[in-house]
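Structural characterization, general
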Amino acid sequence: LEAAREEGPLLGFTPVPISKADTVVVPPEYTWQVVNAWGDPIMPGAPDFKPDASNTAAEQALQSGMFHDGMHYFPLPKGSDSSTHGLIAINYEYTDDNLLTPEGMVPWTAEKVQKSKNAHGMGVYEVRFENGRWRTVRDSPYGRRITADTPFVIKGPAAGHPWMRTAADPAGRTVLGTFQNCANGVTPWGTFLSCEENVNAYFINDTGKISLLEDRYGIGPSKDGWGFRWHEFDQRFDAGKHPNEPNRFGWVVEFDPYDPKSVPVKHTAMGRMAHEGAVLSLAPDGRVVYYMGDDDYRSKFEHIYKFVSKRPWVKGGGYAENQDILDEGTFYAARFHADGTGEWLALTQGKNGLTLERGFASQAEVVINARTAADVVGATYMDRPEWIAVHPRSKEVYVSLSNNTARGKGKPLQQKDPVGADAANPRAPNLMGHIVRWREANGDPTATRFTWDVFLLAGDPAHPDPLKRGNVPGGVAFAQPDGLHIDRRGVLWIQTDSSAQLMAGKDWENIGNNQMLAAHPRTGEVRRFLTGPVGCEITGINFTPDHRTLFVNIQHPGEAPLPHPGRNDPKNPKAISAWPDGEKGGRPRSATIAIRRQDGGIVGA
Ligand code: FEO
Ligand code: CA
Ligand code: CA
Ligand code: CA
């Protein structure tokens, strides 16, 4: 706390106004620069990005993927606290396949499917700060891409279970690839966690027979999908033919960013869902606790989860000593009571009604069908739980509830009745989103009881509809909180993700482009720190250890105002946004940016 006081006020920067401009705006005493954009070379031997998107699928597999999302800065050398040299491990959540090649999706070909798969997944790139600027190191031996075809080992209770077995993998222990890698996490032993979110978007079942499990996880006919057409050239995405393949996605994955040869892992003990992120809180005895939101774009009503490891982590050990810690533990779902208390309900086979009679023969079936297990134990249906952040001192936990326009009239999947407003989700419909926080009993992250409150309601303070106004002191216009991070000084950073479709409408008149704000956890003050280019989401956040550089991702600038995922016109790719390359570039590109104070001071202070 003393050190924090020396670093200045919690919120010391000049707030920025809302923006509808096609650029990044930061406070006048700050600067920003692009560090790494879609298509930039990151692996040894990777070619330059071609602005007309004519790089081949094989070239894309050596370059940055398309839609940058959660990320983490790992110092180099390993074990140091360098703030001028490091690795950024990053998620490439999904793609706009109309922007990915010169002529877009017509005609649709096997090569285009391969390029789309190679633009998904994760990456590692090396960065250096020299002469006042960050740059990506070309041909770094650490450079890595993990795509929708990279082999993963399956671990934990579901490994080898019959529901995980496929024709290509009769043992149910090896799966190809990862996609929809949304938010992230880290481990105390220095590895990167990445979370598979809306994976159902890639699978179709046109047989007319949808199982209860498929239905609960949003697997359905191609006409109801997002328009990813991988199944037309890769049969494993046709769930009618390969019904267990979808069960191998929707997990928390882990890999060691310092070892480019390490085999990535899917940890099934942490449950299967539309994983938003996995946020660490360390128990006093060294057990690791992860908080996880389930943000299903289609069902909207999903739950909040927690995983508590059985064993403490091996302090001082690396990945080799700790690689099994996330494979054994207790998995919980949260119930928020109206009186401001709450409880964690164990999702353990044989307990809390999770019996054979209810369809749970083993813990494998509980984790594969985690959503139904959480329904059975009576977990609360939340408004699209997105990122979670833990305060480094108080251990209080904050969660973004991005929005849920179905609350009040819609029904959670497989439930009989519509769900209206409740204490933890107080607006029906909830267009603008809110942030809830909780405090575990005795400040212990392993506790099974907690108390909670609503930290803020987002909105436009001038909106005629009181349900859309929000309640932030002084009135700050922003909507649909998504990314969250609490820095070491205790600032709660909030990033927003409103779709282009919404931003094109009247409700966003006073809110403008997506933005990033800083909140004071005690006073509730919120200040706008950054606004993004047109049609982008602001997501991914991490500081260097000295807190003098803040990395942020600008995702899908130029998203079209169409149903999700908004696809651009390949004949006029810059129609909506030309960020960051401007008129000389060929098309908008997601990118990591670095933000610094002009005087080199602590960011935010
Ligand atoms: Fe990928 Fe819920 O955001
Ligand atoms: Ca998100
Ligand atoms: Ca979102
Ligand atoms: Ca997005």
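Note that the structure is predicted; figures quoted are calculated from it, not measured. (Residues numbered from 1 in each chain as written. Chains lettered and ligands numbered in written order. Predicted model: local features only at pLDDT ≥ 70, side-chain atom pairs only at ≥ 80, totals over all residues.)

The next point concerns the overall build of the chain. When helices and strands are counted, the chain shows eight helices and 30 strands. The globule rule puts the C-alpha radius of gyration for 605 residues at 25 Å, and the 22 Å found for the chain is close to it. For the C-alpha atoms alone, the extent of the chain along its principal axes is close to 65 × 55 × 55 Å. Counting all 605 residues of the chain, 56% fall into the buried class. Of all intrachain contacts in the chain linking residues separated by at least 6 positions in sequence, the fraction that spans at least 24 positions is 63%. (Helix = DSSP H or I, 4+ residues; strand = E, 2+ residues; numbered from the N terminus. Rg over C-alpha atoms; globule rule 2.2 N^0.38 Å. Buried ≥ 20, exposed ≤ 12 C-beta atoms within 10 Å, placed from the backbone. Contact = placed C-beta atoms within 7 Å.)

The antiparallel open sheet is built from four strands, whose spatial order is S24-S25-S26-S27. Only two strands of the sheet have a single neighbouring strand rather than two, namely strand S24 (481-486) and strand S27 (526-531). Strand after strand, the sheet turns through a mean of 25° between neighbouring axes, direction not considered. As paired strands, S24 and strand S25 (residues 492-496) are joined by four bridges and run antiparallel to one another. Following the sheet pairing, Ile486 is matched in S25 by Leu492. (Pairing = 2+ DSSP bridges. Axes fitted to C-alpha atoms, helices over the stretch in contact; angles between N-to-C directions.)

Of note, the bond from Leu76 into Pro77 is cis; its omega dihedral lies within 30 degrees of zero at -5°. Relative to the elements of secondary structure, Pro77 occurs in the loop between strand S2 (68-75) and strand S3 (85-92). At the junction of Val106 and Pro107, the peptide bond is cis and its omega measures out at -5° in the coordinates. With respect to the helices and strands, Pro107 occurs in the loop between S3 and helix H3 (110-119). You will see that Lys300, though not glycine, has its phi angle at about 65°, which is positive. The backbone of Arg384 shows a phi angle near 55°, a positive value even though the residue is not glycine. Structurally, Arg384 is set in the loop between strand S19 (382-383) and strand S20 (385-390). Judged by the 28 C-beta atoms lying within 10 Å of it, Arg384 is buried.

Moving on, we come to the sheet that holds strand S30 (residues 591-597). In spatial order, the strands read S1-S30-S29-S28; together these four strands make up an open sheet with antiparallel pairing. The outermost strands of the open sheet, each flanked by one partner alone, are strand S1 (30-37) and strand S28 (537-543). Strand-to-strand twist of the sheet, defined as the mean angle between neighbouring strand axes without regard to direction, takes the value 25°. Sheet analysis places strand S29 (residues 550-555) next to S30, joined by five bridges and oriented antiparallel. For Val552, the partnering residue across the bridge sits in S30 and is Ile593.

The next thing to look at is the pairing of strand S26 (residues 515-519). The element S26 is largely enclosed, with a buried count of five among its five residues. Residue alternation in S26 divides its side chains into two sets, Gln515, Leu517 and Ala519 and Met516 and Ala518, and both sets are buried. Summarising the sheet, S25 and S26 pair through four bridges and their orientation is antiparallel. What sits directly across from Ile494, in S26, is Leu517. Taken together, the five bridges between S26 and S27 define a ladder with antiparallel strand orientation. Considered in S27, the bridge of Met516 is made with Leu530.

The next point concerns H3. For H3, the buried fraction is high: eight of the 10 residues fall into the buried class. The secondary structure elements touched by the buried residues of H3 are helix H2 (57-60) and S3. In the stretch just after H3, Gly121 is the one whose phi turns positive, near 105°.

The subject of this paragraph is the pairing of strand S16 (residues 304-312). With six bridges joining them, strand S14 (residues 287-293) and S16 adopt antiparallel strand pairing. Directly across from Val289, in S16, lies its bridge partner Val308. Where S16 and strand S17 (residues 329-336) come together, five bridges link them in antiparallel fashion. Following the sheet pairing, Ser309 is matched in S17 by Gly329.

With that settled, consider helix H7 (residues 370-377). Spacing of three or four residues puts side chains on the same side of an α-helix, whose turn is 3.6 residues. Taken across its eight residues, H7 has seven buried, putting it largely inside the fold. Taken residue by residue, H7 has Ala370, Arg371, Thr372, Ala373, Ala374, Val376 and Val377 as its buried positions. Tucked into the core, H7 has its buried residues touching helix H4 (212-216), strand S15 (301-302), S17, strand S18 (341-346) and helix H6 (363-368).

A word on the confidence of the model for the chain. Averaged over every residue, the pLDDT of the chain is 97; residues scoring 70 or more account for 98%. In the predicted assembly, ipTM is 0.98 and pTM is 0.98. (pLDDT = per-residue confidence, 0-100.)

Let's shift gears to the environment of Ala239. Structurally, Ala239 is set in the loop between H4 and strand S11 (252-255). Every residue in contact with Ala239, bar those within four places of it in the chain, is listed here: Phe203, Ile204, Asn205, Glu214, Ile219, Glu245 and Pro246.

Glancing now at the environment of Pro15. Summarising the element assignment, Pro15 is placed in the loop between helix H1 (2-6) and S1. C-alpha separation for the pair Pro15 and Arg528, spaced 513 residues apart in sequence, amounts to 5.2 Å. Once residues lying within four places of it in the same chain are set aside, the contact partners of Pro15 are Arg527 and Arg528.

What follows deals with the environment of Ile595. Tracing the backbone shows Ile595 in strand S30. The contact partners of Ile595, leaving out residues within four places of it in the chain, are Val26, Tyr30, Trp32, Leu550, Val552 and Val603.

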